[in-house]
Number of protein chains: 2
Amino acid sequence: MEVSDLIARARDGQPRAVARLISMVENGSPLLREIMVELCADRPHRARIIGLTGSPGVGKSTSTGMLVQAFRKRDKKVGVLAVDPSSPFTGGALLGDRVRMQDHATDPEVFIRSMASRGHLGGLSWATPQALRVLEAAGCEVILIETVGVGQAEVDIASLADTTVVLLAPGMGDGVQAAKAGILEVADVFVVNKADRDGTQATIRELRNMIGLVERAWRPPIVPTVAYRGEGADDVVNALDEHLAYLEESGELARRHHVRARDEIEAIALTTLRSRFAHLHGDSRLDALATRVLDTGLDPYTAADELLAAVG
Amino acid sequence: MEVSDLIARARDGQPRAVARLISMVENGSPLLREIMVELCADRPHRARIIGLTGSPGVGKSTSTGMLVQAFRKRDKKVGVLAVDPSSPFTGGALLGDRVRMQDHATDPEVFIRSMASRGHLGGLSWATPQALRVLEAAGCEVILIETVGVGQAEVDIASLADTTVVLLAPGMGDGVQAAKAGILEVADVFVVNKADRDGTQATIRELRNMIGLVERAWRPPIVPTVAYRGEGADDVVNALDEHLAYLEESGELARRHHVRARDEIEAIALTTLRSRFAHLHGDSRLDALATRVLDTGLDPYTAADELLAAVG
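Values in this document were obtained by computation on a predicted structure and should not be read as measured data.

1. Let's talk about the relation of the copies chain A and chain B
Part 1 of the argument: Placing chain A over chain B gives an RMSD of 0.3 Å and needs a rotation angle of 180 degrees, together with 0.3 Å of translation along the axis. Viewed as a symmetry operation, the transformation between the two copies matches a two-fold axis.
Part 2 of the argument: When the interface residues of chain A are mapped onto chain B, 100% of them are again interface residues, pointing to one common binding face.

Below, the structure is given as structure tokens:
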């Protein structure tokens, strides 16, 4: 199938075309450039990007399901990118998970897609922006990016999302962990899920104290939920709306979009350079330079300069 | 102190000058290029590079100590690079460790140095070749690179060393692990340390069976040792000498040197590119491109091309 045909079908909202395009993004298809040029030329509307992150066990996919439902009630077309190797959203197709997602699996206005967090091309920061463009072209107005909050992931998600939701659960020692992992810096909204459990108030209190220690223009609200029963869904959406209003009024939204575009350009440029280098393996210029370093006392820095001049 | 003065002192075998130069390598000093040009111009002799790798607990540093002693008995000037965050060789200076290394701490013909495996410039593959050049300039004839065999490290070490020694210990399930981690592909010599323990023969048998499954021109020997008592030291040195003879006769040594020079040039070129990119943060060109992506529908691929043309 032609790229333009595939894109036309995706714009028409056909799930298989959307799935195919995201697979091409994930696999670093040689047609990727053509796809992106065409997607961008048409200047699709910009979706609202919401990141969800949290430790394993806090109920991320249940909460994602709850938010999908809440936005569907508001008649929004929703996309979900589950960037998580341990996520229940597995497989290469658009599909729902076993828990809450099955409610939406047959809803044509919901796209759900899992992505490997560590692709051969550099993970979240590289492939996700392009997957977002595909979902935007398919008409998604809200896109939820769900990722497990381990290591670098929550920082990456914060750089991609307009609003980052950090999920916690009572009695998991998450409060202390949160401060340690620096998620306090990236959270725009805190959700304390499983709020029917003991320790919820203590977790909220601890969180509130920690938030108080950080000087930020936006003070992240703390929203209790019981996601598997859908409790607190409207409160989360309200908190998200308030944050969006803050982003727009303060000019922060434009700033985030700008930083995101800059990061994307840089990531593509670095990938391009890496692939130019990869083509040099077996290239006679690199071999000739190596021989000169070994035999004539040429230093590797000068050799590297010559190499760069050759591939520039 | 002037770079040329520092290099003169290192060539004179002064430990503090050697330590200072390796620190400059590790920290990515702006003088690095000048140092390397001067070190290479003089075309120092080439040291024999021996890599030692293995899982935690197999007795790597004790075995390294045993080998240092064995080469000192043969009147070789020895350098040790311990590229291992969990290694007992810590600190920024040339120093011995608490176990076997203390025998050599005051020996002026032995340089021992720890390096962080994950520096800001890209770890083992980047900084180690340059640290090797410093040790070669200081007159080291044999250089042992010790690193913990986890993930990518054993592959990296194999690309740097003339001979790679993989250490195992009986009863650690290392045999099976070895096959899994692909160390069978990189091992030139297997050492089964702690050979006074139960299970040594079983480990050797298992290893021999696995070696039999891989088709290679050089069949790696298996040498049992009890490193803390110095038992088997001569057998290891003999195995190393046999492998060196094989490398020379087969032309494999020249090939490995060539690949290593090529890798070093590539690593420096990539680092140079990355630093050019880093300088672009806050650069108006990248910002202008980001604005065009956001406002005019310029695709990020074309933007990346323009960026690359600008920094080329």
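2. Looking at the interface of chain A and chain B
In many reports, interface size means the accessible area that the parts give up when they come together.
Part 1 of the argument: Taken together, the contact between chain A and chain B spans 47 residues of the former and 47 residues of the latter.
Part 2 of the argument: Here chain A and chain B share an interface that buries about 4400 Å² over both sides, 68% of which is from carbon and sulfur atoms.
Part 3 of the argument: Contact with chain B buries area across many residues of chain A, yet I265(A), L294(A) and Y301(A) alone supply 17% of it, more than any other trio.
Part 4 of the argument: One can count four salt bridges joining chain A with chain B.
Part 5 of the argument: R262(A) is the salt-bridge partner of D287(B), the closest N and O atoms lying 3.1 Å from each other.
Part 6 of the argument: There are 10 residue pairs in polar contact (both at pLDDT 80 or more) connecting chain A and chain B.
Part 7 of the argument: For the side of chain A that touches chain B, the elements supplying multiple residues, two or more each, are helix 3 (32-41), helix 5 (124-137), helix 11 (252-280), helix 12 (284-296) and helix 13 (300-311) of chain A.
Part 8 of the argument: Broken down by element, the side of chain A that touches chain B gets its largest block of residues, 15 residues, from helix 11 of chain A.
Part 9 of the argument: Residue classes in the side of chain A that touches chain B are distributed as 25 nonpolar, nine polar and 13 charged.

3. A word on the confidence of the model for chain A
Residues and elements named next belong to chain A.
Part 1 of the argument: Looking at chain A, the pLDDT average stands at 81 and 79% of residues meet or exceed 70.
Part 2 of the argument: Under a pLDDT of 50 for its full length, residues 85-102 has, in the predicted model, 43 contacts with residues more than four places off or in other chains.
Part 3 of the argument: Segment residues 118-123: pLDDT under 50, and nine contacts once partners within four positions in sequence are set aside and those in other chains are kept.

4. Re the pairing of strand 6 (residues 189-192) of chain A
All names here are of chain A.
Part 1 of the argument: Going residue by residue along strand 6, you find V189 and V191 tucked away on one face and F190 and V192 tucked away on the opposite face as well.
Part 2 of the argument: In this structure, strand 5 (residues 163-168) lies alongside strand 6, joined through four bridges in parallel fashion. Directly across from L167, in strand 6, lies its bridge partner V191.
Part 3 of the argument: With three bridges connecting them, strand 6 and strand 7 (residues 222-224) associate as parallel partners. Bridge pairing links F190 to I222 in strand 7.
Part 4 of the argument: Handedness of the strand 6-helix 9 (residues 200-213)-strand 7 crossover: right-handed.

5. Observations regarding the nonpolar core
Part 1 of the argument: Within the largest apolar cluster, 97 residues are counted, with the highest numbers of intra-cluster contacts made by I35(A), I265(A), I35(B) and I265(B).
Part 2 of the argument: Once you skip the residues sitting within four places of it in the chain, I35(A) turns out to touch V3(A), I7(A), L21(A) and M24(A).

6. Notes on the sheet that holds strand 5 (residues 163-168) of chain B
Remark on secondary structure: sheet strands pair via backbone hydrogen bonds, oriented parallel or antiparallel.
Residue and element names in this part refer to chain B.
Part 1 of the argument: If you walk across this open sheet you meet the seven strands as 3-2-4-1-5-6-7, and the pairing is parallel. For this open sheet the edge positions go to strand 3 (110-115) and strand 7 (222-224), each flanked by a neighbour on one side alone. Strand-to-strand twist across the sheet, computed as the mean angle between neighbouring axes with direction ignored, equals 20 degrees.
Part 2 of the argument: Where strand 2 (residues 78-83) lies against strand 3, six bridges are found, and the strand directions are parallel. By the bridge assignment, A82 is partnered in strand 3 with S114.

7. A short note on the environment of T163(B)
Residue and element names in this part refer to chain B.
Part 1 of the argument: Relative to the helices and strands, T163 is located in strand 5.
Part 2 of the argument: Since its relative accessible area comes to 1%, T163 is described here as buried.
Part 3 of the argument: With 23 residues separating them along the chain, T163 and V186 place their C-alpha atoms 9.1 Å apart.

8. Some words on the environment of L253(B)
Part 1 of the argument: For L253(B), the location among the structural elements is in helix 11 (residues 252-280).
Part 2 of the argument: In sequence terms L253(B) and T163(B) are 90 residues apart; their C-alpha atoms lie 9.4 Å from each other.

9. Here we look at the pairing of strand 5 of chain A
All names here are of chain A.
Part 1 of the argument: When you tally the buried positions in strand 5, you get six out of six residues, the bulk of the element.
Part 2 of the argument: Neither face of strand 5 is open: one carries T163, V165 and L167, the other T164, V166 and L168, and all of them are buried.
Part 3 of the argument: When strand 1 (residues 48-54) meets strand 5, the two strands line up parallel, connected through five bridges. For I50, the partnering residue across the bridge sits in strand 5 and is T163.

10. Quick look at the sheet that holds strand 6 of chain A
Residues and elements named next belong to chain A.
Part 1 of the argument: The parallel open sheet is built from seven strands, whose spatial order is 3-2-4-1-5-6-7. With partners counted over all chains shown, the strands left at the sheet margins are strand 3 (110-115) and strand 7, one partner each. Within the sheet, the average angular offset between the axes of one strand and its neighbour, ignoring direction, is 20 degrees.
Part 2 of the argument: Helix-sheet contacts for helix 4 (residues 60-73) involve strand 1, strand 2 (78-83), strand 3, strand 4 (142-148) and strand 5, and the interaxial angle to strand 4 is about 175 degrees.

11. Considerations on the pattern of salt bridges
All names here are of chain A.
Part 1 of the argument: All chains considered together, the criterion is met by 28 salt bridges over all chains.
Part 2 of the argument: With its nearest N and O atoms 3.0 Å apart, the salt bridge here joins R48 to D241. With R48 in strand 1 and D241 in helix 10 (residues 233-250), this pair connects stretches of sequence that are 193 residues apart.
Part 3 of the argument: For R256, the salt bridge identified is with E252, shortest N-O distance 3.1 Å. Separated by four residues within a single helix, R256 and E252 lie in helix 11, roughly one turn from each other. With respect to class, R256 is no different from E252; both count as buried.
Part 4 of the argument: Taken together, the salt bridges that share partners define one network made up of D188, R216, E252, R255 and R256.

12. Digging into the side chain of T128(B)
Part 1 of the argument: Position of T128(B) relative to the elements: it lies in helix 5 (residues 124-137).
Part 2 of the argument: Contact partners of T128(B), with chain neighbours within four places excluded, come to L81(B), V83(B), M115(B), I145(B) and L160(B).

13. Comments concerning helix 4 of chain A
All names here are of chain A.
Part 1 of the argument: Given a rise of 1.5 Å per residue, 14 residues ought to cover 20 Å, and the 20 Å separating the end C-alpha atoms of helix 4 matches this to within 8%.
Part 2 of the argument: Of all 14 residues in helix 4, 12 are buried, a share of seventy percent or more.
Part 3 of the argument: Looking only at helix 4, the buried set comprises K60, S61, T62, S63, T64, G65, M66, L67, V68, A70, F71 and R72.
Part 4 of the argument: Along its buried surface, helix 4 packs onto strand 1, strand 2, strand 3, strand 4, strand 5 and helix 10.
Part 5 of the argument: Immediately beyond the C-terminal end of helix 4, within one or two residues, lies D75, with a positive phi of roughly 65 degrees.

About the thresholds
Residues numbered from 1 in each chain as written. Chains lettered and ligands numbered in written order. Predicted model: local features only at pLDDT ≥ 70, side-chain atom pairs only at ≥ 80, totals over all residues. Heavy atoms only, no water. Least-squares fit on C-alpha atoms with pLDDT ≥ 70 in both. Contact = heavy atoms within 4.5 Å. Buried area = accessible area lost by both parts, 1.4 Å probe. Salt bridge = Lys/Arg side-chain N within 4 Å of Asp/Glu carboxyl O. Polar contact = N/O pair within 3.5 Å; in protein donor to acceptor, adjacent residues only side chain to side chain. Helix = DSSP H or I, 4+ residues; strand = E, 2+ residues; numbered from the N terminus. Nonpolar A, V, L, I, M, F, W, Y, C, P; charged D, E, K, R; others polar. pLDDT = per-residue confidence, 0-100. Buried < 20%, exposed > 50% of the residue type's maximum accessible area, 1.4 Å probe, protein only. Pairing = 2+ DSSP bridges. Right-handed = clockwise from strand over helix to strand, strands pointing away. Core = buried A, V, L, I, M, F, W, Y, C linked by side-chain atoms within 4.5 Å. Axes fitted to C-alpha atoms, helices over the stretch in contact; angles between N-to-C directions. Expected span 1.5 Å × (residues − 1).

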